[in-house]
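Structural description and commentary
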Amino acid sequence: MKFSHESIEINAGLLIVLTLVAISIGGLVEIVPLFYIPGTIEKVDGVRPYTPLEQAGRDIYTREGCYLCHSQMIRPFRDEKLRFGHYSLAAESQYDHPFQWGSKRTGPDLARVGKKYSNAWHVQHLKAPRSVVPESIMPNYPWLLENTLNYSDMADRMRALKKVGVPYSETSAEYQANVEKFGKAKADLFNINLADENLLAQARAENFDGDRSRLTEMDALVAYLQVLGTMVDFSQYDEGYFAEFR
Amino acid sequence: MTDKQTDNAVQTTGHAWDGDLQEFNNPLPRWWIWAFYASVAFALIYWILYPVWPVGHDYTKGVLTVSYESNGKTVTQHWNTRAKYIEDMQTGEESLKQKAYLDKVVNASYAAILSDPDMMAFTRSIGKGLFGDNCAACHGSGGNGVIGKFPNLVDDSWLWGGTVEDIHATISDGHRGFMPAFRETLNDEELEQVANYVLSLSGQAVDKEQVAAGDKIFNGQKGGCHYCHTHQAKGMKSVGSANLTDAIWSIADVPDASDPKGKLEAVEQVIRNGVQRRMPAWRDRLTPEQIKLLAVYVHELGGGK
């Protein structure tokens, strides 16, 4: 039988394969060029991978499903700027796996919530949102203060992220590359071999949950929330600089 | 049935399934065809106007342009949502409407703003939005705060001063409210004595003997409370210490206590545990204009002293 409309229509397997090919062309044409057009990720200073403690907090953020109510993507519109701050850059989520852009805003966008509130506020708000914001419909997360942070597999988690492109270092060559890219102080934080020490040191130094005697999941989550959107110093860039990348 | 169908059939695809199952091959409705051609034409025009096609390591930028001010120069660049956003921030309808007022408020002195009903109306409406977005999470949407945690801003009693300039400094630079914990320095008896003294300052009924002993602790070396709260106990705005002579409580939850014992316990708790609170600094997050508007707004919340 000659290859014809009919031969596709009567062969379910072939029909499925060819349908998939046809619809993926649309997606591929839109997505693939973004990987090789250099301006996709804006050239900007300050964006770095998360420290082990922040990354542990990020994992709790995903575990608790915070993304179901909170986006992390400020769009370039006047009303969003006035409420949340500068629009989000692609560069700012380059080390996010999986990204937390989200598409549902039951609560406010969190892309720039870092440093907006005090640690004490976050702790109180996560424990019992209505004790500080009476109108809130956000759930209580009291267990974050009760659960001791489990970081036994932190190095493995960093190794997994390294596989998908986050520049955590394991060999001395990788470490040297990080020193050049981020400076020595930062590069030390991204060293997988020092994951546990770094995590403990940051928790001890900043005491996010206000209780020095324990390392809780709250410490990690607040560390993560407090760094969101704070890496880029926008005052360094001219108005319009980021508009050139689109 | 079958006969009728074959009679009226316009055309079939020629396929036959299960013997007699056929497929009509009618032309598409006219309106549909035209909508299809129109969308093709739309796409072609879109390709010319907007950034669309990847070409090597670049992409076609489209012929539309957007102009805005950057660093004192006018920049004209290809259309994209980011450029459009800058244009909207600078010359959009809403922005221009606000700008007229903003310029007026920014250049006016506080005294002039406070006495001009027009500028005050603007300040109140913008201030309410700014307060809701940035301050309400802690101070409450009406500014009532949470006793013990975040101060009430509507009671016209201020830790760090209530002039517009003071409030401006508070918002811009933030504050750390700090009082040491006395659980190591004072024993239970002394705590009770000094708490009695503190309550007596705002005219609460208390034990006279205890008050006399508490006075010594408060104003002497033992407690040293007067270093921060002053001998008059009116507080000092340079360290943000509370005025203890008014019946307004920022941290000790005295108003909620039902009996004298509860009031004592509330005050003792503050003295025992000390206070550590932080008001964030807003100078990096809000523009100078926004901080100025907020300072006037918050000043008004407190009744404006």
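Above this text sits the structure in question.
This section reports on the structure supplied with the text. (Residues numbered from 1 in each chain as written. Chains lettered and ligands numbered in written order. Predicted model: local features only at pLDDT ≥ 70, side-chain atom pairs only at ≥ 80, totals over all residues. Heavy atoms only, no water.)

Looking at the overall build of chain A
- Along its length, chain A carries twelve helices and zero strands.
- Mapped from its N terminus to its C terminus, chain A presents α and β elements in the order α-α-α-α-α-α-α-α-α-α-α-α.
- When its C-alpha atoms are laid out on the principal axes, chain A stretches across 80 × 50 × 45 Å.
- Considering only contacts in chain A between residues 6 or more positions apart, those separated by 24 or more positions represent 71%.
- Surface accessibility of chain A: about 12,800 Å² in total, with carbon and sulfur atoms responsible for 60%.
- Charged side chains of chain A number 27 positive and 32 negative; the gap between the two group centres comes to 3 Å. (Helix = DSSP H or I, 4+ residues; strand = E, 2+ residues; numbered from the N terminus. Contact = heavy atoms within 4.5 Å. Areas by Shrake-Rupley, 256 points an atom, 1.4 Å probe, with all protein chains shown as cover. Lys, Arg positive; Asp, Glu negative; His and termini not counted. Charge placed at Lys NZ, Arg CZ, Asp CG, Glu CD.)

Thoughts on the overall build of chain B
- Helix and strand counts for chain B come out as 13 helices and eight strands.
- Compactness check: chain B gives a C-alpha radius of gyration of 35 Å against a globular reference of 19 Å for 305 residues, more than 25% above the reference.
- Its C-alpha atoms give chain B principal-axis dimensions of roughly 115 × 60 × 45 Å.
- For chain B, the proportion of its 305 residues judged to be buried stands at 36%.
- In chain B, of all internal contacts separated by at least 6 residues, the share reaching a separation of at least 24 is 51%.
- When the accessible surface of chain B is totalled, it reaches about 17,900 Å², and 55% of it is carbon and sulfur.
- For chain B, the distance from the average position of its 28 positive side-chain charges to the average position of its 37 negative side-chain charges is 5 Å. (Rg over C-alpha atoms; globule rule 2.2 N^0.38 Å. Buried < 20%, exposed > 50% of the residue type's maximum accessible area, 1.4 Å probe, protein only.)

Points about unusual backbone geometry
- For the peptide bond that leads from His97(A) to Pro98(A), omega is -5 degrees, which places it in the cis range.
- Residues other than glycine seldom take positive phi values, yet Asn207(A) does so here, at roughly 40 degrees.
- Along the chain, the position of Asn207(A) falls in the loop between helix H11 (195-206) and helix H12 (217-225).
- Residue classification places Asn207(A) among the buried residues on the basis of a relative accessible area of 13%.
- Positive phi, close to 55 degrees, is recorded for Asn71(B), a residue that is not glycine.
- The residue Asn71(B) is located in the loop between strand S5 (65-70) and strand S6 (73-78) in this model.
- For Asn71(B), a relative accessible area of 59% gives the class exposed.

Overview of the environment of Ala201(A)
- Tracing the backbone through its elements, the reader meets Ala201(A) in helix H11.
- A relative accessible area of 38% places Ala201(A) in the partly exposed class.

Points about the pairing of S6(B)
- Inspection of the sheet shows S5(B) paired to S6(B) by six bridges, in the antiparallel sense. Among the inter-strand pairings, Tyr68(B) is bridged to a residue of S6(B), identified as Val75(B). (Pairing = 2+ DSSP bridges.)

Here we look at the packing of aromatic side chains
- Under the criterion given, the structure shown has 23 aromatic pairs over all chains.
- An aromatic cluster is present here, built from Phe234(A), Tyr237(A), Tyr241(A), Phe242(A) and Phe245(A) joined pairwise through their rings.
- Between the NZ or CZ atom of Lys61(B) and the centre of the ring of Tyr59(B), over which it lies, the distance is 4.7 Å.
- Taking the ring centre of Tyr110(B) as reference, the NZ or CZ of Lys292(B) above it sits at 5.6 Å. (Phe/Tyr/Trp six-rings, centres within 6.5 Å; stacked < 30°, edge-to-face > 60°. Lys NZ or Arg CZ within 6 Å of the ring centre and 35° of its normal.)

Re the state of the cysteines
Residue and element names in this part refer to chain B.
- Following the criterion strictly, the structure yields zero disulfides over all chains and no others.
- Note on Cys135: no disulfide assigned, nearest cysteine sulfur contributed by Cys138 at a separation of 8.7 Å.
- Here Cys225 is not disulfide-linked; the sulfur of Cys228 is the nearest cysteine sulfur, at 8.7 Å.
- Looking at Cys225, the relative accessible area reads 14%, which means it is buried. (Disulfide = S-S within 2.5 Å.)

Topic: the pattern of salt bridges
- Enumeration according to the criterion identifies 28 salt bridges over all chains in this entry.
- The salt bridge partner of Arg272(B) is Glu265(B), with a shortest N-O separation of 3.8 Å.
- A relative accessible area of 22% means that Arg272(B) is categorised as partly exposed.
- Accessibility expressed as a relative area gives 35% for Glu265(B), which makes it partly exposed.
- Among the charged side chains, a salt-bridge network with shared partners connects Asp156(A), Arg159(A), Lys162(A), Glu170(A) and Glu174(A). (Salt bridge = Lys/Arg side-chain N within 4 Å of Asp/Glu carboxyl O.)

A look at the nonpolar core
- Of all hydrophobic cores here, the largest spans 62 residues; its most connected members are Leu53(A) and Leu126(A).
- In terms of residue count, H12(A) provides more of this core than any other element does, seven residues in total.
- Not counting residues within four places of it along the chain, the set of residues in contact with Leu126(A) comprises Met138(A), Pro139(A), Asn140(A), Tyr141(A), Pro142(A), Leu144(A), Met218(A), Leu221(A), Val222(A) and Leu225(A).
- One finds Leu199(B), Ala233(B), Trp249(B) and Val270(B) within the second-largest nonpolar core, a separate group that totals 27 residues. (Core = buried A, V, L, I, M, F, W, Y, C linked by side-chain atoms within 4.5 Å.)

Everything listed here is a matter of coordinates, which is why it stays silent on function.
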